[in-house]
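Here's the letter readout for the chains.
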Amino acid sequence: TLVLAGQADASADGHQHGGSAALSVEQLTGPKDQTPAVRKTLVAARTEVRLTSGATVDALTFNGSAPGPEIRVERGRLLEVTLVNQNVEEGVTVHWHGVDVPNAEDGVPGVTQDAVMPGGRHVYRFTPDRAGTFWYHTHRDGLLNVKRGLFGALIVEEPVAFDGLDRTVFTHAWPGSGRDVTALDRADQPAGQDAPAGRKVLLRTVNSSEEPQTVRLAGAPFQVAAIDGNAVPGATALEPGTELQLAAGGRYDLAFTMPAGAVTLSLGANPDAALTFSPGGAAGRVSATGGGQFDPLAYGSGSEPGLGGHDRTFDLRLDDGFGFSQGRLSYVSSLINGRLYPAVPALEVERGDRVRMRIASRSTVNHPFHLHGHRVRVLARNGDPVSGSPWWTDTLNIGRGEVYEIEFRADNPGIWMDHCHNFQHGANGMIMHLAYT
Ligand code: C2O
Ligand code: CU
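Note that the structure is predicted; figures quoted are calculated from it, not measured.

Calculation rules
As a convention, each chain's residues are numbered from 1 in the sequence order in which they are written. All chains are assigned letters beginning at A, and all ligands numbers beginning at 1, according to the order in which they are written. With pLDDT at 70 or above as the cut-off, local features in this predicted model cover only qualifying residues; side-chain atom pairs require 80 or more to be listed or tallied, and sums for whole chains, interfaces and linings still use all residues. Neither water nor hydrogens contribute to the side-chain values; these are computed over all heavy atoms in the structure. Two aromatic rings, drawn from Phe, Tyr or Trp (for Trp, its six-membered ring), form a pair once their centres lie within 6.5 Å of each other, and the interplanar angle then sorts them: stacked below 30 degrees, edge-to-face above 60, tilted otherwise. Counting from the N terminus, the helices are the DSSP runs of H or I reaching at least four residues and the strands are the DSSP runs of E reaching at least two. Accessibility here uses a 1.4 Å probe with only protein chains present; expressed as a share of the type maximum, an area under 20% marks a residue as buried, one over 50% as exposed, and anything in between as partly exposed. Two conditions define a charge sitting above a ring: the NZ of Lys or the CZ of Arg must be within 6 Å of the ring centre, and it must be within 35 degrees of the ring normal. Listed donors are limited to N, O and S atoms within 2.8 Å of the metal, widened to 3.2 Å for Na, K and Ca; water is not among them, so incomplete-looking sites are possible. Only buried residues count toward a nonpolar core, which is a set of Ala, Val, Leu, Ile, Met, Phe, Trp, Tyr and Cys residues joined through side-chain atoms within 4.5 Å. Here the limits of each domain have been adopted from an automatic or database domain assignment. In what follows, a contact means two residues having at least one pair of non-hydrogen atoms within 4.5 Å. A pair of strands is treated as paired once DSSP finds two or more bridges between them.

J.: Help me understand the packing of aromatic side chains in this model?
T.: The geometry of an aromatic ring pair is captured by the separation of the ring centres together with the interplanar angle, meaning the angle of the planes. In this structure the tally under the stated criterion is 11 aromatic pairs. Geometrically, the ring pair formed by Trp 135 and Phe 170 is edge-to-face, given 6.4 Å between the ring centres and 65° between the ring planes. Here Trp 135 is found in strand β7 (residues 132-137), whereas its partner Phe 170 is found in strand β9 (residues 165-174), with 35 residues between them in sequence. With centroids separated by 5.4 Å and ring planes inclined at 85°, the aromatic side chains of Tyr 252 and Phe 294 adopt a geometry described as edge-to-face. With Tyr 252 in strand β17 (residues 251-257) and Phe 294 in the loop between β19 (270-278) and β20 (312-325), the pair connects residues that are 42 residues apart, well separated along the chain. In terms of burial, Tyr 252 and Phe 294 fall into one category: buried. These aromatic residues form a ring-pair network of at least three members: Phe 62, Trp 96, Tyr 124, Phe 126 and Tyr 136. Here the basic side chain of Arg 375 rests over the ring of Trp 392, its NZ or CZ set 3.8 Å away from the ring centre.

Rendered as structure tokens:
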């Protein structure tokens, strides 16, 4: 058995007291005795990558490409991934963003495993139980190494596969000379995609950058079929040109039926970044006109009982920390309840608890708050309750002055990291743990 360090009621000799339950290693890892349905190897290495703009970046890749290979597995089937680090000096791990894996498979160095150093390897095994769009990325030196290319898509499919065109696209900010270059990364697919009229298209958008990205789909009405790997019940048709703000780390699955003409996905910040679907696959683009702003708070319909009667409620306050740098008062850190990681106290809950969190930002910048190991349900934003279908997420963009209320069930024991997905902010202190047995 294993006792989590820091658990208040576990004595030094490992004996259990009070209500704390012992956990076996089997409960914290993926199944050891089954044959995986899908086996993959990811080799991390330093590589030079040429962007569509022609510029080259000194990148880090999985299997020679960035994004790395798209991994697909059916829901309920065992996936086994072997990570090999060829020559990334800082070390590498793989975190499965949005998948509620057993704790030991979570890929957080210093918490759930040691970083894999050059020449080393590590095997991950887990069975995803929910179909949807997820992604994987290194969790070591995330600040630079995700940015430099150590990420890819993990698609969990329904047993009956979608029979239309199914494509994944990342919005990524490459470290450029002086300034990040935000691009739509299609993993070597052409910017023009062949799609005849009447064809169903599922376009999975993933934001691997550190800021929210604005994407627009023009040329056809569409639905947001899923948010962060959670299907949206009662998803209604949005007008062509509707603007979507994708949180850093977040995913929107966009579904549409091909019209007679072309459909273009474009990225707000970069006028060159576009992906166009058309009969014949020409790379031209349809520009966006009209359409409002998509808001997940009021989208979809259909209800699902909330957890209610919460057993624990936590208040988190996000703040900027200021200090003197070169004689000027400037931003230096990102705090949770006035503290910097590792001084932020871990949230302690009991297994089975209904947990409610109120996260209030007094910061001047965006904080994409990400919780490991648990998808969460949004209850309210700035006091307004969710009025559409239940809004499930794993990465919530908490803007300047915003307050979110969320809830989740503590049903996945271990030591989890909850943090800002802006890696600079994480490195500057906006990280905390959630721990229970
Ligand atoms: Cu996508 Cu802790 O990360
Ligand atoms: Cu942040």
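After presenting the structure, the write-up continues.
J.: What is the right way to read the coordination of the copper ion (ligand 2) from this model?
T.: Each pair of donors in an ideal octahedron of six around a metal sits at 90 or 180 degrees, and each pair in an ideal tetrahedron of four sits at 109.5 degrees. Coordination of the copper ion (ligand 2) by the protein comes from His 367 (ND1), Cys 420 (SG) and His 425 (ND1), over a distance range of 2.0 to 2.1 Å. All donors to the copper ion (ligand 2) come from one chain, and their sequence spacing reads H-x52-C-x4-H. One end of the pair, His 367, is in strand β24 (residues 367-371); the other, His 425, is in helix α3 (residues 423-427), with 58 residues separating them in the sequence.

J.: How do you make sense of the nonpolar core when you look at a structure like this?
T.: Side chains that are nonpolar tend, in soluble globular proteins, to be buried together. Residues Leu 203, Val 224, Phe 256, Leu 265, Phe 277, Met 357 and Phe 369 are the most contacted members of the largest nonpolar core, which totals 57 residues. Here this core spans two domains, and each of domain 3 (165-294) and domain 4 (312-436) adds at least three residues to it. Leave out the neighbours within four places in its chain, and Val 224 touches Val 232, Ala 235, Leu 238, Leu 244, Tyr 252, Asp 253, Leu 254, Phe 294 and Tyr 299. If you look at the next biggest cluster of nonpolar residues, it comprises 24 residues, including Leu 79, Val 81, Val 101 and Leu 150.

J.: How should the pairing of strand β12 (residues 200-207) be read in this particular structure?
T.: On any regular strand, side chains alternate: one points to one face of the sheet, the next to the other face. Counting buried positions over the 8 residues of β12 gives 7, a clear majority of the element. Two strands pair when backbone bridges link them, and β9 and β12 are joined in this way by 7 bridges, in the parallel orientation. Bridging from a neighbouring strand, Arg 167 pairs with Leu 203 of β12. With 7 bridges connecting them, β12 and β17 associate as antiparallel partners. By the bridge assignment for β17, Val 206 is matched with Arg 251.

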